[in-house]
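Spelled out, the chains give:
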Amino acid sequence: MEPTDPTPATSNITVRRGEPLVVVTDVNKHFGELHVLKNINAVVTRGEVVVVIGPSGSGKSTLCRAINRLETIDSGVITIDGQALPEEGRGLARLRADVGMVFQAFNLFAHMTVLQNVTLGPIKVRGLSKADAETRAMALLERVGVADQAHKMPAQLSGGQQQRVAIARALAMEPKVILLDEPTSALDPEMINEVLEVMIDLANDGMTMIVVTHEMGFARRAANRVIFMAEGEIVEESTPDRFFTNPQTTRAKDFLSKILAH
């Protein structure tokens, strides 16, 4: 039976752009004694860009990694396009293929060329032929501005180029949603913008994205919604405009006063 109202009464989600795609319900996670995710409830709809911000240790990255089960959860349910995350096995691999992931540290395969990095998943998981996978990969590498690096090894590329390859690799699987976990925090300052520009283009194209980031300019420009976390809880969520100009909670005001002062 379909729920008549997918938005809980306590939610202050202000943007709805289509069907719910990622639904996080009553999720809890501990690392030993540390309660890192406390009764997390969140909905991300198709075509929405949600930016998750907050101080270090607030649970942002853990939440991101729980969405494709790189981290297990202690209780609660996470669904992707109506499917609950399987515990393990082929079902999990299939669902993970629908959830692209871009990490802080790029995580490219060092022994493979850029082109091989981008074609591996489509060939192994999606069953594409090598020729079809390479055609798609070259189009994606062109899109992120590194097609001329296709036959190089990752170590021959700058950090910004490697992260753009990582984004192309995620896109090559034709995921329903892409998770980006602090994708610019390992980059030198002059390389950050080249990666943010690719992310903004994706957002403008309607890609569903969940982005953990410290880049407030990106949040203002590309996000439909900002989720602010502190101490394992979602403290506040609203549109970027409202969040940055009129935060509703003391925690958010304190956080913004510290980061926007620099």
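Residues numbered from 1 in each chain as written. Predicted model: local features only at pLDDT ≥ 70, side-chain atom pairs only at ≥ 80, totals over all residues. Heavy atoms only, no water.

The chain goes by Amino acid ABC transporter ATP-binding protein in an unreviewed UniProt entry, where it is assigned to Cryobacterium glucosi. Its UniProt record gives the chain the following Sequence similarities (unreviewed entry) comment, quoted word for word: "Belongs to the ABC transporter superfamily." What UniProt states about the chain under its Subcellular location (unreviewed entry) heading is, verbatim, "Cell membrane". (UniProt positions renumbered as here; feature names shortened; annotations may be inferred.)

**What to know about the pairing of strand β2 (residues 34-45)**
With eight bridges joining them, strand β1 (residues 20-31) and β2 adopt antiparallel strand pairing. Residue pairing across strands places valine 23 opposite valine 43, the latter belonging to β2. Here β1 folds back onto β2 in antiparallel fashion, the turn holding two residues, of which glycine 32 has a positive phi close to 60°. (Pairing = 2+ DSSP bridges. Helix = DSSP H or I, 4+ residues; strand = E, 2+ residues; numbered from the N terminus.)

**Here's the deal with the packing of helix α5 (residues 159-172) against helix α6 (residues 189-204)**
For the pair α5 and α6, interaxial distance at closest approach is 8 Å and the crossing angle is 20°. On the basis of their axis angle, the class for α5 and α6 is roughly parallel. Relative to α6, the crossing made by α5 is right-handed. For the pair α5 and α6, the contacting residues are Gly159, Gly160, Gln161, Gln163, Arg164, Ile167 and Leu171 in the first and Met191, Glu194, Val195, Val198, Met199 and Leu202 in the second. A per-class count over the contact of α5 with α6 returns seven nonpolar, four polar and two charged. (Axes fitted to C-alpha atoms, helices over the stretch in contact; angles between N-to-C directions. Parallel < 35°, antiparallel > 145°, perpendicular 65-115°, else oblique. Left-handed = near helix turned anticlockwise from the far one by under 90°. Contact = heavy atoms within 4.5 Å. Nonpolar A, V, L, I, M, F, W, Y, C, P; charged D, E, K, R; others polar.)

**Quick look at the sheet that holds strand β5 (residues 83-84)**
Sheet strands pair by backbone hydrogen bonding; their relative direction is either parallel or antiparallel. Taken in spatial order, the four strands line up as β2-β1-β4-β5 in an open sheet, and their pairing is antiparallel. Each of the sheet's edge strands pairs with one partner strand only, and the pair in question is β2 and β5. Two elements, β1 and strand β4 (residues 75-80), share five bridges in a ladder whose sense is antiparallel. Directly across from valine 24, in β4, lies its bridge partner isoleucine 78. Where helix α1 (residues 60-67) meets the sheet, its contacts fall on β1, β2 and β4, and the angle it forms with β1 comes to roughly 120°.

**Quick notes on helix α4 (residues 130-143)**
Across its 14 residues, α4 extends 20 Å between first and last C-alpha, which sits within 8% of the 20 Å expected from 1.5 Å per residue. Turning to α4, its buried residues number three or more, namely Ala133, Ala137, Leu140 and Leu141. What you see down the axis of α4 is that its buried residues fit within an arc of 100°, all on one side. Set apart from the buried face of α4 by more than 90 degrees, the exposed residues are Ala131, Thr135, Ala139 and Glu142. (Expected span 1.5 Å × (residues − 1). Buried < 20%, exposed > 50% of the residue type's maximum accessible area, 1.4 Å probe, protein only. Arc of directions from axis to C-beta.)

**As for unusual backbone geometry**
Positive phi outside glycine occurs at glutamate 174, with the angle close to 50°. Note that glutamate 174 resides in the loop between α5 and β7 (177-181). Residue class for glutamate 174 comes out exposed when judged on its relative accessible area of 53%.

**Quick notes on the sheet that holds β7**
Overall, mixed pairing links the six strands, which are arranged β6-β7-β8-β3-β9-β10 in an open sheet. With partners counted over all chains shown, the strands left at the sheet margins are β6 (99-102) and β10 (233-238), one partner each. Sheet twist, expressed as the average angle between the axes of neighbouring strands with direction ignored, equals 20°. Against the sheet, α1 engages β3 (49-53), β6, β7, β8 (209-212) and β9 (225-230), with an angle of about 150° to β7. Where α6 meets the sheet, its contacts fall on β3, β7 and β8, and the angle it forms with β8 comes to roughly 150°.

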